[in-house]
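Reading the structure
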Amino acid sequence: MKKIAIINGPNLDRLGKREPGIYGKESLADLEEILRKHVDAMEVELRFIQSSHEGEIVERIAECADGGFSGIIINAGAYTHTSIAIRDALAGANLPCVEVHISNIYAREDFRKRSYTAAACSGVISGLGLHGYIGALDYLVHRTPGSGTR
Ligand code: CA2
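Rules behind the numbers
Residues numbered from 1 in each chain as written. Predicted model: local features only at pLDDT ≥ 70, side-chain atom pairs only at ≥ 80, totals over all residues. Heavy atoms only, no water. Helix = DSSP H or I, 4+ residues; strand = E, 2+ residues; numbered from the N terminus. Buried < 20%, exposed > 50% of the residue type's maximum accessible area, 1.4 Å probe, protein only. Contact = heavy atoms within 4.5 Å. Lys, Arg positive; Asp, Glu negative; His and termini not counted. Charge placed at Lys NZ, Arg CZ, Asp CG, Glu CD. Salt bridge = Lys/Arg side-chain N within 4 Å of Asp/Glu carboxyl O. Pairing = 2+ DSSP bridges. Axes fitted to C-alpha atoms, helices over the stretch in contact; angles between N-to-C directions. Core = buried A, V, L, I, M, F, W, Y, C linked by side-chain atoms within 4.5 Å. Near = heavy atom within 4 Å. Polar contact = N/O pair within 3.5 Å; in protein donor to acceptor, adjacent residues only side chain to side chain. Areas by Shrake-Rupley, 256 points an atom, 1.4 Å probe, with all protein chains shown as cover. Nonpolar A, V, L, I, M, F, W, Y, C, P; charged D, E, K, R; others polar.

When its secondary structure is counted, the protein chain shows five helices and five strands. Counted from the first residue to the last, the protein chain has its helices and strands arranged as β-α-α-β-α-β-α-β-β-α. With the C-alpha coordinates of the protein chain rotated into their principal frame, the extents come out at 35 × 35 × 30 Å. When the 150 residues of the protein chain are sorted by exposure, 42% land in the buried category. For the protein chain, long-range pairs separated by at least 24 residues make up 76% of all intrachain contacts whose partners lie at least 6 apart in sequence. The averaged location of the 19 negative side-chain charges in the protein chain is 4 Å from the averaged location of its 17 positive side-chain charges.

Printed below as a string of C-alpha cells:
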C-alpha cells in the first residue's frame, strides 16, 4: 500500500469561496473527493493536510518522511514564494514530491514566478486547475524508482 500526502498551504481552505476566476469553483473538499475516487481501485492511501502555518507544514513534511510515505503533493500557496524552511523540509524528507499550483504562476505577478520550494521537488505542475493534483498523483503512483526522476 502506497501512502501519499497531499499538503495544501495557506488560504487553500478558502478554495471555491472566492476568486473563482483564478482558482475555480471547486472546494478543497471537492478536491479530496476527486482524488479519493481517482485512487478508489488502487492500493493507495491518501492523507490530506491543510495548514496556514509554515512551521506546521514543516512538521507535517517531516512526519511524512518518518511515516513510510511514498510521496508528497504540495501546494504551499504563498509560502511557495517565500519559504526556505519548507524547501529545506522537502529536501530533507528525501521523498519524491510534486509541486502543484492551481493557477499558472508564470502568467501572474512577477513575485509568483519564483518558487523557493520547486528545487526540492521532482517537478512542478502549474495552471491546470485541480487536474494538476491528479497528474501529480498518477506520477507518484506509477513512477519507476531509480529511473532518473526523483
Ligand atoms: O495557484 C496556486 O495554487 C497558488 O499556490 C495559490 C496561492 C498563491 O499564493 C500562489 O501564488 C499560487 C493562493 C491561494 C489562495 O487561495 C484562495 C482561494 C480562494 C479564495 C481566496 C484565496
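Moving on: the pattern of salt bridges. Taken as a whole and judged by the stated rule, the model has seven salt bridges. Across the pair E32 and R36 runs a salt bridge, and its minimum N-O distance is 3.1 Å. Here E32 and its partner R36 are both found in helix 2 (residues 28–38), four residues apart, which amounts to about one turn of the helix. You can call E32 partly exposed: its relative accessible area is 29%.

Once that is clear, we can look at the sheet that holds strand 5 (residues 123–126). Pairing between the strands of a sheet is mediated by backbone hydrogen bonds and can be parallel or antiparallel. The parallel open sheet is built from five strands, whose spatial order is 2-1-3-4-5. A single partner strand is all that each edge strand has here, and the edge strands are strand 2 (44–50) and strand 5. Looking at each pair of strands side by side, their axes are set apart by 20° on average, direction ignored. Where strand 1 (residues 2–8) lies against strand 3 (residues 71–75), five bridges are found, and the strand directions are parallel. Residue pairing in the sheet places N8 in a bridge with N75 of strand 3. Packed on one face of the sheet, helix 2 meets strand 1 and strand 2 and runs near 170° to strand 2.

This part takes up the nonpolar core. In this structure, I4, L35, L46, I73, Y133 and L137 are the most contacted members of the largest nonpolar core, which totals 20 residues. Elements that contribute at least two residues to this core include exactly strand 1, helix 2, strand 2, strand 4 (97–101) and helix 5 (131–142). Tallying contributions element by element places helix 5 first for this core, with five residues. The contacts of L35, once residues within four sequence positions are left out, are I6, L46, F48, Y133, I134 and L137. Ranked by size, the runner-up nonpolar core spans 19 residues in total, among them I57, I72, L95 and C97.

With that settled, consider the site of the ligand. Around the ligand, the structure places 16 residues, and the nearest of them are N75, H81, I102, S103 and R112. Within the contact set of the ligand, an oxygen atom lies 3.4 Å away from a backbone nitrogen or oxygen of A78. The fraction of the free accessible surface of the ligand (510 Å²) that becomes covered by protein chains is 94%. Broken down by class, the residue content of the shell around the ligand amounts to six nonpolar, six polar and four charged.

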